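Breakdown of the fold
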Amino acid sequence: MRHDTQELALVESELGKKKMPRLLCFTAHPDDEAGGFGGSLLRYAGRGVETHVVCLTPGQAATHRGGASSDDELSAMRRREFAESCKLLRVSHGEVLDYPDAKLAQQDFYRVVADLTQRVRKIRPDVVMTLGPEGGVTAHPDHSMVSIFATMAFHWAGRSDRFPEQLQNGMAPHQTQKLYYATALFTIPERQPISLAPSTTRLELKPEEFETKIAAFKCHTSQEPLFPFFENTVRRRGLLEVFHLAASATPSNVEMETDLFAGVQQ
Ligand SMILES: [Zn+2]
């Protein structure tokens, strides 16, 4: 009996050492976290995954200003809305960076990738997700750029010869196991033409996850005129959030998955 107790204590201490699985999502604007990823963020938080969202801009160039009289006022408003949305989606840690909305394509590539690489090395996720390089169904150029920056951060965070100046004071390279692009099974004909990445991974949301995702989007009250467009787009997705497995640390053939953490080693 004594032996059993000791064994149990050992198992518990091993469990204590085991780190929580982590998911990191890179987006361009406050509201992308709900629209593109809300159901998945909720699903994995519910499974005990530590979830992180890094949003590159505070969305200060939005057409809909929510009564804000300046870009700074709108940024502050949208940061608060982002925090509310993250709370509903049970995001462990959300961060809004200060890059200029609608101008991600004009930013210094090396500097932005360094910034995102540093976050990957600090957060040390198992899975990274972001938008696709086509810009998502809305074809927004900022969405394309966050995809490209995040893709390079995913690949370079694991290399000791990229941004070696970051590798001091305990910061180490980190190879994330999987990279996903959000994708869709439809396009919006009245928008610019896009070529979507094929879906490899389908997550079917529970009705309550779906409703929370819509509620999270509606935390972005400055964007209220967009609610009907958003709700229509989300309802076209039905209960599905679909992704494209863009890279994997373990070489493999493509297989249809129903779990972003399929095959992830803890
Ligand atoms: Zn966006």
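Below is a short write-up of the structure.

**As for the overall build of the protein**
Across its full length, the protein holds 7 helices and 7 strands. Going from N to C terminus, the protein has its helices and strands arranged as α-β-α-β-α-β-α-β-α-β-β-α-α-β. Its C-alpha atoms give the protein a radius of gyration of 19 Å, within 12% of the compact-globule value 18 Å for 266 residues. Viewed in the frame of its principal axes, the protein has a C-alpha envelope of about 70 × 45 × 40 Å. Counting the 266 residues in the protein, one finds 51% classified as buried.

**Digging into helix H6 (residues 207–217)**
Of the positions making up H6, those classed as buried are Glu-209, Phe-210, Lys-213, Ile-214, Ala-216 and Phe-217. Considered in projection along H6, the buried side chains sweep an arc of 160° and stay on one side of the axis. Lining the buried residues of H6 we find helix H2 (32–46), helix H3 (71–88), strand E6 (201–204), helix H7 (227–237) and strand E7 (240–248).

The rules we used
Residues numbered from 1 in each chain as written. Predicted model: local features only at pLDDT ≥ 70, side-chain atom pairs only at ≥ 80, totals over all residues. Heavy atoms only, no water. Helix = DSSP H or I, 4+ residues; strand = E, 2+ residues; numbered from the N terminus. Rg over C-alpha atoms; globule rule 2.2 N^0.38 Å. Buried < 20%, exposed > 50% of the residue type's maximum accessible area, 1.4 Å probe, protein only. Arc of directions from axis to C-beta. Contact = heavy atoms within 4.5 Å.

Without other data, these values stay purely geometric and don't point to any function.
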